[in-house]
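Examining the three-dimensional arrangement
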Amino acid sequence: MSGDDNTAPARGFDPRLFFNARFAGHGSQLGISHRAHGDDWAELVLPYADALIGDPASGVLASGPILALMDMATSVAVWRRLGTFAPHATLDLRIDYLRPGRPGEAVIGHGECYRITRSIAFVRGQAHDGDPDDPLAHVAGTFMAADRYW
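Quantities reported herein were computed from a predicted structural model and do not represent experimental measurements. (Residues numbered from 1 in each chain as written. Predicted model: local features only at pLDDT ≥ 70, side-chain atom pairs only at ≥ 80, totals over all residues. Heavy atoms only, no water.)

1. Structural notes on helix α3 (residues 63–82)
Over its 20 residues, α3 runs 29 Å from end to end, which matches the ideal 28 Å to within 8%, given 1.5 Å per residue. With respect to burial, α3 is a largely interior element, 16 of its 20 residues being buried. Remark: Gly83 follows α3 within two positions and exhibits a positive phi of approximately 90°. (Helix = DSSP H or I, 4+ residues; strand = E, 2+ residues; numbered from the N terminus. Expected span 1.5 Å × (residues − 1). Buried < 20%, exposed > 50% of the residue type's maximum accessible area, 1.4 Å probe, protein only.)

2. Thoughts on the sheet that holds strand β1 (residues 33–37)
The pairing of strands in a sheet comes from backbone hydrogen bonds and takes either a parallel or an antiparallel form. Strands sit in the order β1-β2-β6-β7-β8-β5 across an open sheet of six strands; the sheet is antiparallel. With one partner strand each, in any of the chains shown, β1 and β5 (88–97) form the two edges of the open sheet. The mean angle between the axes of side-by-side strands here comes to 25°, regardless of whether they run parallel or antiparallel. As paired strands, strand β7 (residues 120–128) and strand β8 (residues 137–145) are joined by eight bridges and run antiparallel to one another. Pairing of Gly125 across the sheet is with Val139, part of β8. The sheet strands contacting α3 are β1, β2 (41–46), β5, β6 (107–116), β7 and β8, and the helix crosses β6 at an angle near 40°. (Pairing = 2+ DSSP bridges. Axes fitted to C-alpha atoms, helices over the stretch in contact; angles between N-to-C directions. Contact = heavy atoms within 4.5 Å.)

3. Focus on the nonpolar core
Membership of the largest hydrophobic core comes to 36 residues, with the highest contact counts inside it found for Ile32, Leu46, Ile66, Val78, Val107 and Tyr149. When contributions to this core are tallied by element, the ones reaching two or more residues are α1 (15–20), β2, α3, β5, β6, β7 and β8. Considering each element in turn, this core owes the most residues, 11 residues, to α3. With residues near it in sequence (within four places) discarded, Leu46 still touches Leu30, Ile32, Leu52, Leu61, Pro65, Ile66, Leu69, Ala106 and Val107. (Core = buried A, V, L, I, M, F, W, Y, C linked by side-chain atoms within 4.5 Å.)

4. Quick notes on the pattern of salt bridges
A complete count under the given rule lists 10 salt bridges for this structure. Arg16 is paired through a salt bridge with Asp14; the nearest N and O atoms lie 3.1 Å apart. What makes Asp14 partly exposed here is its relative accessible area of 23%. Via salt bridges that share partners, Arg99, Arg102, Asp129 and Asp134 belong to a single interconnected network. (Salt bridge = Lys/Arg side-chain N within 4 Å of Asp/Glu carboxyl O.)

5. A closer look at the environment of Trp150
With respect to the helices, strands and loops of the structure, Trp150 is situated in the segment after β8. Along the primary structure Trp150 and Ala86 are separated by 64 residues, whereas in three dimensions their C-alpha atoms are 9.7 Å apart. A polar atom in the side chain of Trp150 sits 3.3 Å from the backbone oxygen of Thr117. (Polar contact = N/O pair within 3.5 Å; in protein donor to acceptor, adjacent residues only side chain to side chain.)

6. Looking at the confidence of the model for the protein chain
Averaged over all residues, the pLDDT of the protein chain is 91; the fraction at 70 or higher stands at 91%. Of the regions scoring below 50 in pLDDT, residues 1–10 engages in 24 contacts with residues more than four places distant in sequence or in other chains. (pLDDT = per-residue confidence, 0-100.)

7. Focus on the environment of Leu82
Note on placement: Leu82 falls in helix α3. In sequence terms Leu82 and Tyr114 are 32 residues apart; their C-alpha atoms lie 11 Å from each other.

8. Considering the pairing of β7
Judged by how many residues are buried, β7 sits mostly within the fold: seven of nine residues are covered. By the bridge criterion, eight bridges tie β6 to β7 in an arrangement that is antiparallel. The partner of Ile116 across the bridge, within β7, is Ala121. Between β6 and β7, which pair antiparallel one after the other, the connecting turn spans three residues.

Put into structure tokens, the structure is as follows:
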């Protein structure tokens, strides 16, 4: 481990338990659920729902729920890398939309935490609707720990 980067991932935070608890919040209201995870990454699923359609004529999901999905996927990636839940705030989450989602398809959000300093976590990820080689969006961002990450 270098002086300002916690690179040794702990494995104590289990996102399956976190999402199975179904706490009341926007992620629960949107139906976001756990799909898969690794030491420093997480995949979540946003199911297609008529209530989340942005333009009824197109049947395409609105951008807000996709942004919420990616915020959560990258947050979970930070907690996976830390090995514990740590309250933090989204400082910046840039999302570049590449194309609209396909009507009727769930959106998968893959988030990765690639660096953590004492108070800042750096993340990136992508959203797709079934083919990771044809993403809907890319994200890059930072989170800031309420106290310190380590």
